[in-house]
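# Observations on chain architecture
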Amino acid sequence: MNRAILIGLTLLGLTATAVAAPAGLGDVWRETGFDRLAVQSAGMEKSLATFARDSLREIALRRQIREDDKVALTLLLASRPGLLADRWLIPVEGDMLLPLLEEVGITVDHRTLRLGDCLRFDQTGQVMGEGRALAVARQVLLATQEGEPIHSAALRLFSRINAVADLGPSLRLIPDPNDPEGGWHTVEEAKRLGIAGAEEAGGHLEALFDAVAADDATAARPAAEALVTLLPTLPNYTSSTRLAVDHAYTVHRPYFWASFAYVVSAILFFIALVTRGDRWWLAAMIVMGAGWIIHVLGAVARGYLIQRMPLSNLYEATTTGLVFIILFALIFEGMHRMRVVGFSAAALSFIYYRWLLSSDVYGNDAIEPLRAVLNSYWLDYHVTCMMLSYGAFTIAFAMAVLYLMRRHMPRLMRWTPSLEDLDLYIYRAIQFGWPLLGIGIVLGAVWADTAWGRMWSWDPKETWSLITWLIYTGFLHVRLVHGWRGVGMAWASIGGYAAVLFTYLGVNFVLSGLHSYAGNTPAITAGEGTQRMILWSVLVVAALAAAGTGAWWSLRQGRSRDGVEES
């Protein structure tokens, strides 16, 4: 009784503390809906929360701003960046720049520069010129050739610093009622053009800037409320539905929660494999299915925001491709209860997503307008078929790896299906993926004919997609005609998947061609991102090993008890 009273008083005290705690700026944005206001960026209207996230990713690394209020930091950088002159904010990507920066007396701390070393500010905190770091980056760009590592590092630094200087002019909050193209203006531009409501909005915005600079949530609230009341009434303002979807997509991070569900389902599938328990399998299917639904909702939300299939760049194609991998796993598991397919698909999807999130190889996940070269309905058909085939080949690759492990470590891998079953799973997955890859190549050729006037140009991406298809064609040929099975076919599946990865990723970063718009410049921080991906992979393996050990021990203890009872 006393313990219950103590717990109740503790909870009451925590609640009272939470109620008494002063509201911060983040509470103001959420409670007033200020972070749902529209900003036009790169020709698209985004919620302020999304604009802040995208803008800050052009300036700093995620780890440098992880604890910040993104909206408040964006407003401060847009209005009075000089107040953050001593903030270590701008990352230096590439060791070759460090000596040059140190030569001019700039201190670099953990590969990060102070904002005051990058730009010069006046007494009010406004940008008044370039700093020493920006001057160094400019000199390097003039003295080196495009493609050199130091040139790429200097260009990245130059872009990050300029992103700070350009943030204020990018804060376009006022739609132009007379622009047939749907252009928007900053408050100052709108005031000069005499747009109705601009003067009033300017007064509220200036008051909000003052409150943010002083970190005064009490003063920020009435200014935020006034802007939330005023701006949506302006002509040509963005619909509330679009802004709500955009805000929810950014704040709730559906892809992250889907990946979390996948790693949990991978652990459950692994336990189901070791124990052969149907309840574990059912739990794994439920968790994976829930993750897949969240994943699909994220893809649908992104498609709604960009008004097309989310397939136009490597980020979108990868996240959408993972939807197909999990879908295949759910179908195969529902039909055959193989367990190993669900385990492999969930684990690989989680690892791929974490690498995608951790590494800058793909760039960030900003929602941007479609490039002109991609503006074709053939994009959806071509890329969808390609990603469906890659999903099937991913399953085949996972089965091939397990086959080889089972063959060479039979006692350690006895929890997996038999070699005959694994061999069959490899074959079935490739059977499904091979025609889809062929159809995707044909659709790509048709698209190329409409876009470039020729169906085939031996572009590296085209060439390697054909090589990949020929590898899998050879696999099916020797399987069906000559009856080949076993180790050789498992290695052929792994070789085919290596060609898939090179076609999908390697070509973009090693070779250049007509598909360069998909992203062919590896970020200098790819190494750091890859290290984080490896860390996540190790954590997954460790979690699976711990779960498997526990399940094995539990099963062994149960069998021991059964043996004692029988004797």
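Remember, it's a predicted structure, so these values are computed and weren't measured experimentally. (Residues numbered from 1 in each chain as written. Predicted model: local features only at pLDDT ≥ 70, side-chain atom pairs only at ≥ 80, totals over all residues. Heavy atoms only, no water.)

Now for the overall build of the chain. A count of helices and strands for the chain gives 20 helices and eight strands. Here the chain holds 567 residues, and 51% of them are scored as buried. The long-range fraction of contacts in the chain, counting pairs at least 24 apart against all pairs at least 6 apart in sequence, stands at 70%. For the chain, the accessible area works out to roughly 26900 Å², and carbon and sulfur atoms hold 62% of it. (Helix = DSSP H or I, 4+ residues; strand = E, 2+ residues; numbered from the N terminus. Buried < 20%, exposed > 50% of the residue type's maximum accessible area, 1.4 Å probe, protein only. Contact = heavy atoms within 4.5 Å. Areas by Shrake-Rupley, 256 points an atom, 1.4 Å probe, with all protein chains shown as cover.)

Let us look at the confidence of the model for the chain. Averaged over every residue, the pLDDT of the chain is 82; residues scoring 70 or more account for 83%. Of the regions scoring below 50 in pLDDT, residues 519–530 engages in 27 contacts with residues more than four places distant in sequence or in other chains. Across residues 561–567, where pLDDT falls below 50, the model places zero contacts with residues more than four positions away in sequence or in other chains. (pLDDT = per-residue confidence, 0-100.)

With that out of the way, let us pick up helix α12 (residues 254–275). With 22 residues, α12 should cover 32 Å at 1.5 Å per step; its first-to-last C-alpha distance of 31 Å lies within 8% of that length. Of all 22 residues in α12, 16 are buried, a share of seventy percent or more. (Expected span 1.5 Å × (residues − 1).)

In this section: the nonpolar core. One finds V340, Y390, F393, M399, W415, I426 and I430 to be the most contacted residues of the largest nonpolar core, which totals 88 residues. Only α12, α13 (278–306), α14 (314–336), α15 (340–358), α16 (378–408), α17 (419–452), α18 (460–481) and α19 (487–510) provide two or more residues apiece to this core. If one sorts the elements of this core by residue count, α16 sits on top with 18 residues. Counting 74 residues, the second-largest nonpolar core is a separate cluster that includes F51, L77, L119 and W184. (Core = buried A, V, L, I, M, F, W, Y, C linked by side-chain atoms within 4.5 Å.)

Moving on to the environment of A213. Tracing the sequence through the fold places A213 in helix α9 (residues 198–213). Setting aside residues no more than four positions away along its own chain, A213 makes contact with L76, R80 and L83.

The subject of this paragraph is the pattern of salt bridges. Evaluated as defined, the whole model comprises 21 salt bridges. A cluster of three or more residues bridged by salt bridges with shared partners is formed by D86, R114, D117 and R132. (Salt bridge = Lys/Arg side-chain N within 4 Å of Asp/Glu carboxyl O.)

Per the counting criterion, the structure on display carries 13 aromatic pairs. Here the aromatic rings of W464 and F502 are separated by 4.6 Å at their centres, their planes lie at 65 degrees, and the arrangement is edge-to-face. Placement of W464 in helix α18 and of F502 in helix α19 is noted, with a sequence separation of 38 residues between them. Exposure remark for W464: the relative accessible area of 27% places this residue in the partly exposed category. When the ring centre of W88 is taken as origin, the NZ or CZ atom of R114, which lies over that ring, is 5.7 Å away. If you follow R479 out to its NZ or CZ, it ends over the ring of Y427, 4.5 Å from the centre. (Phe/Tyr/Trp six-rings, centres within 6.5 Å; stacked < 30°, edge-to-face > 60°. Lys NZ or Arg CZ within 6 Å of the ring centre and 35° of its normal.)

What follows deals with the pairing of strand β6 (residues 127–130). As judged from the three bridges shared by strand β5 (residues 119–121) and β6, these two strands associate in the antiparallel manner. The partner of L119 across the bridge, within β6, is E130. Joining the antiparallel neighbours β5 and β6 is a turn of five residues, in which G125 adopts a positive phi near 95 degrees. (Pairing = 2+ DSSP bridges.)

Among the structural elements, Q64 can be located in the loop between α3 (48–57) and α4 (70–79). By relative accessible area, Q64 is classed as buried at 12%. Among the polar contacts made by the side chain of Q64, one reaches the side chain of T112 at a distance of 3.0 Å. Residues within four places of Q64 in sequence aside, it is in contact with R87, L89, I90, P91 and T112. (Polar contact = N/O pair within 3.5 Å; in protein donor to acceptor, adjacent residues only side chain to side chain.)

A separate point is α13. Over its 29 residues, α13 extends 42 Å from the first C-alpha to the last, a length consistent with the 42 Å expected when each residue adds 1.5 Å. Just past α13, the residue Q307 takes up positive phi, approximately 60 degrees.

Now for a nonpolar patch on the surface. A surface patch of nonpolar side chains, about 290 Å² in accessible area, is lined by W257, F260 and I294. Assignment of secondary structure puts F260 in helix α12. With a relative accessible area of 45%, F260 lands in the partly exposed category. (Patch = residues over 30% accessible without salt bridge, like charges linked within 9 Å, V, L, I, M, F, W, Y side chains within 5 Å.)

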